[in-house]
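Coordinates in review
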Amino acid sequence: MSPHLIFNYLVLWTVIGAAAFSLVVVYLFRSGRVYDARNEGGHLKAEMPRKGLLTMLGFLVLIIGFITLSNYLSLVRRGMALTYWPLFGLNLALILILIVYDTLVIDWWVIGHWRPAFLQLPAAMDKDQMKEHIRRSFVVAPLFGLLLAALSAGVTIWLW
């Protein structure tokens, strides 16, 4: 893969992913589904109900599907010869960029500072809670990113 292709892939799918991620966040808050897995402060529930596990699992599957689709549309359709490790690295880079977007833009700026009324945010999910959530995210999210990149690359190689 050329540096130009890598750059174009990351820019295109970061923009699309950030927009899609933002829409999913709006849906989760407006529908109340975010509270299937999280408490009013925005942290994961200590005892996760089945509905919360299914919501989280669905979101993770959605991410894997999104990245696999990005691989197909940007790489497979162009006839790229794909091998696992370069694809894993590309997928990991995309996931890590989206994690930074989620953490800094959505969690810190939108939820912690802007707090738009259309999200119907509870008072408990304030700037201080978001700081704690962000600290946790910078530890846990990259680990999930590794898993998601591995699965996305694996699914892509397996399908094509």
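For the structure, check the block above.
Rules and cut-offs
- Residues numbered from 1 in each chain as written.
- Predicted model: local features only at pLDDT ≥ 70, side-chain atom pairs only at ≥ 80, totals over all residues.
- Heavy atoms only, no water.
- Helix = DSSP H or I, 4+ residues; strand = E, 2+ residues; numbered from the N terminus.
- Buried < 20%, exposed > 50% of the residue type's maximum accessible area, 1.4 Å probe, protein only.
- Contact = heavy atoms within 4.5 Å.
- Areas by Shrake-Rupley, 256 points an atom, 1.4 Å probe, with all protein chains shown as cover.
- Salt bridge = Lys/Arg side-chain N within 4 Å of Asp/Glu carboxyl O.
- Polar contact = N/O pair within 3.5 Å; in protein donor to acceptor, adjacent residues only side chain to side chain.
- Core = buried A, V, L, I, M, F, W, Y, C linked by side-chain atoms within 4.5 Å.

Turning to the overall build of the protein, a few remarks are in order. Helix and strand content of the protein: four helices and zero strands. Summarising its shape, the C-alpha atoms of the protein cover approximately 50 × 30 × 25 Å along the three principal directions. For the protein, with 160 residues in total, the buried portion stands at 39%. Counting only contacts in the protein whose residues sit at least 6 apart along the sequence, the fraction spanning at least 24 positions is 75%. Just so you have it, the protein exposes about 9,200 Å², and 70% of that area is on carbon and sulfur atoms.

Turning our attention to the pattern of salt bridges. Enumeration over the complete set of coordinates arrives at three salt bridges. Several salt bridges share partner residues, and in doing so they unite E132, R135 and R136 into one network.

Considering the arrangement of structural elements, one finds D107 in helix α3 (residues 84-114). Only 3.2 Å separates the side chain of D107 from the side chain of H133, close enough to count as a polar contact. If we ignore the near neighbours within four places in the chain, the residues touching D107 are D102, G112, M130, H133, I134 and S137.

Now for the nonpolar core. Counting residues in each nonpolar core, the largest one holds 21 residues, and the members touching the most others are Y9, F66, I67, L75, L94 and I95. Elements that contribute at least two residues to this core include exactly α1 (3-31), α2 (50-74), α3 and α4 (127-159). Per-element tally for this core: the top contributor is α3, with eight residues. Once you skip the residues sitting within four places of it in the chain, I95 turns out to touch I67, G145, L148 and A149.

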